[in-house]
Amino acid sequence: MDDVGDVGDVGDVGDVAASGLRRLCASIDLADGGVGVRFMVRRHGKDEPAFVIRHRGHPHAYLNRCAHVPMEMDWQPGEFFDSSGLYLICATHGALYAPDSGRCVSGRCDRRGLVALVVSEQDGQVFLIEEGSERVGYE
Ligand code: FES
């Protein structure tokens, strides 16, 4: 078991290491198009749910908040992909998002995207970089 919880669990807000990296999970915990890892992130002084998934070999993380209505998106804890494994889907009304950018692809997200968080992968681990460095996940 890792220190932020099993795949699909919401972990506590952890310490940010002096390097500015916060370990989210082991690389092996993220299968391409598979179950994501939920975690909490502090943003504007408030703890918010977030998640990291793997798509085409790379980890991507977002706030767990649909652009339509600010609700968590997973239909089961950690289940963010649609049945094709190609898109992130909101369980409430079915909005689809591009996994590599958070861009709205279809549905009630109405061209608004997910809020992306910056992650990196090294030495078999996935890290969140500098909490508070989030950016809008679409161009
Ligand atoms: S709350 Fe996500 S599509 Fe409506």
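Report on the accompanying structure. If you're wondering where the values come from, they're calculated on a predicted model, not measured in any experiment.

## Focus: the environment of glycine 113
Along the polypeptide, glycine 113 turns up in the loop between strand E7 (104-106) and strand E8 (115-117). Looking at glycine 113, the number of C-beta atoms within 10 Å reads 19, which means it is partly exposed. It is 5.3 Å that separates the C-alpha atoms of glycine 113 and glycine 102, two residues lying 11 residues apart in sequence.

## Side note on unusual backbone geometry
Residues other than glycine predominantly adopt negative phi, and peptide bonds predominantly adopt the trans conformation. The backbone of histidine 44 sits at a positive phi, close to 50 degrees, despite the residue not being glycine. Take histidine 44: it is sitting in the loop between strand E2 (37-43) and strand E3 (46-55). The class of histidine 44 is exposed, set by 7 C-beta atoms lying within 10 Å. Of note in the backbone geometry, aspartate 123 takes a positive phi value of approximately 50 degrees without being a glycine. With respect to the helices and strands, the residue aspartate 123 is situated in the loop between strand E9 (119-122) and strand E10 (125-129).

## What about the pairing of strand E4 (residues 58-63)?
On a regular strand, each side chain points to the face opposite its neighbour's, so the side chains alternate between the two faces of the sheet. The buried fraction of E4 is high, at 5 of 6 residues. In this structure, E3 lies alongside E4, joined through 6 bridges in antiparallel fashion. Along E4, the bridge assignment pairs alanine 50 with leucine 63. In textbook terms, the turn of a hairpin is the stretch between consecutive antiparallel strands, and for E3 and E4 this stretch comprises 2 residues, one of which, arginine 56, has a positive phi near 50 degrees.

## With respect to the environment of phenylalanine 39
Along the chain, the position of phenylalanine 39 falls in strand E2. Taking the C-alpha atoms as reference, phenylalanine 39 lies 5.8 Å from phenylalanine 51; in sequence the two are 12 residues apart.

## Things to note about the sheet that holds E10
Strands pair in a sheet through their backbones, by hydrogen bonds, and they do so in one of two ways: parallel or antiparallel. The 3 strands lie next to each other as E1-E10-E9, forming an open sheet whose pairing is antiparallel. Each edge of the sheet is formed by a strand with only one pairing partner; in this case those strands are strand E1 (21-26) and E9. Across this sheet, the average inter-strand angle for adjacent strands is 30 degrees, counted without regard to direction. Across 4 bridges, the pairing between E9 and E10 is antiparallel. Directly across from glutamine 122, in E10, lies its bridge partner glutamine 125.

Quick notes on the rules
Residues numbered from 1 in each chain as written. Predicted model: local features only at pLDDT ≥ 70, side-chain atom pairs only at ≥ 80, totals over all residues. Helix = DSSP H or I, 4+ residues; strand = E, 2+ residues; numbered from the N terminus. Buried ≥ 20, exposed ≤ 12 C-beta atoms within 10 Å, placed from the backbone. Pairing = 2+ DSSP bridges. Axes fitted to C-alpha atoms, helices over the stretch in contact; angles between N-to-C directions.

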